[in-house]
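Secondary and tertiary structure notes
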Amino acid sequence: MSEEVGRTAQSGWEVGVSRTLPYSGARLWEFLLSREGVEVWLGAGVELPRERGETYETANGITGEIRSFHEGTRVRLTWQPKDWDHDSTLQLTVVGQGRRGTLKFHQEWLADAAERAEQRAYWKDVTERVAAALAER
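Now for a look at the structure at hand.

Moving on: the overall build of the chain. Helix and strand content of the chain: three helices and seven strands. Reading the chain from its N terminus to its C terminus gives the helix and strand order β-β-α-α-β-β-β-β-β-α. In terms of overall size, the chain behaves like a compact globule, its C-alpha atoms giving a radius of gyration of 15 Å where 137 residues would be expected to give roughly 14 Å. Projecting the C-alpha coordinates of the chain onto the three principal axes gives extents of approximately 40 × 30 × 25 Å. Per-residue burial for the chain yields a buried fraction of 47% across its 137 residues.

Rendered as structure tokens:
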């Protein structure tokens, strides 16, 4: 096991970003799977598939495949921007805690520490955009 932050023996470079919001887990999930929500976290021009093995491509060229889908709590998929030479695995999880809910992004199989830092900033921005979109509703 490496002592480098964010590098594991099991899944290479990885990053996790989470945020607890003042919305129930059900409300968070409903938003994240709505057309508006999918645009915020996955990208415009795509409806999130629900079945294992189904593929997707966003308007800006992110491609991937659904690995697992658990209604109300978690979706796991591959995620590859058009300028990457590899894919990564992304897991979106929602945990409800009464009137609050936690949104979690976890991404594995990143290329290196620089890509990890880039994706950490990216997913932090996504969580901010999710929070802002929900606040406007």
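Our focus in this paragraph is the environment of Val38. In this fold, Val38 is placed in helix 2 (residues 35–41). The buried category is assigned to Val38, whose relative accessible area is 1%. Each C-alpha atom of the pair Val38 and Ile62 lies 13 Å from the other, and the pair is 24 residues apart in sequence.

So, on to the pattern of salt bridges. Under the counting rule described, the total for this entry stands at six salt bridges. The residue Arg19 makes a salt bridge to Glu128 at a minimum N-O spacing of 2.9 Å. Of the two residues, Arg19 is situated in strand 2 (residues 12–21) and Glu128 in helix 3 (residues 113–136); the sequence distance between them amounts to 109 residues. On the accessibility criterion, Arg19 (28% relative accessible area) is partly exposed. Glu128 sits in the partly exposed class, given a relative accessible area of 47%. The salt bridge involving Glu36 is made with Arg137; its shortest N-O contact spans 3.4 Å. Within this pair, whereas Glu36 is found in helix 2, its partner Arg137 is found in the segment after helix 3, the two being separated by 101 residues in sequence.

Cut-offs and rules
- Residues numbered from 1 in each chain as written.
- Predicted model: local features only at pLDDT ≥ 70, side-chain atom pairs only at ≥ 80, totals over all residues.
- Heavy atoms only, no water.
- Helix = DSSP H or I, 4+ residues; strand = E, 2+ residues; numbered from the N terminus.
- Rg over C-alpha atoms; globule rule 2.2 N^0.38 Å.
- Buried < 20%, exposed > 50% of the residue type's maximum accessible area, 1.4 Å probe, protein only.
- Salt bridge = Lys/Arg side-chain N within 4 Å of Asp/Glu carboxyl O.

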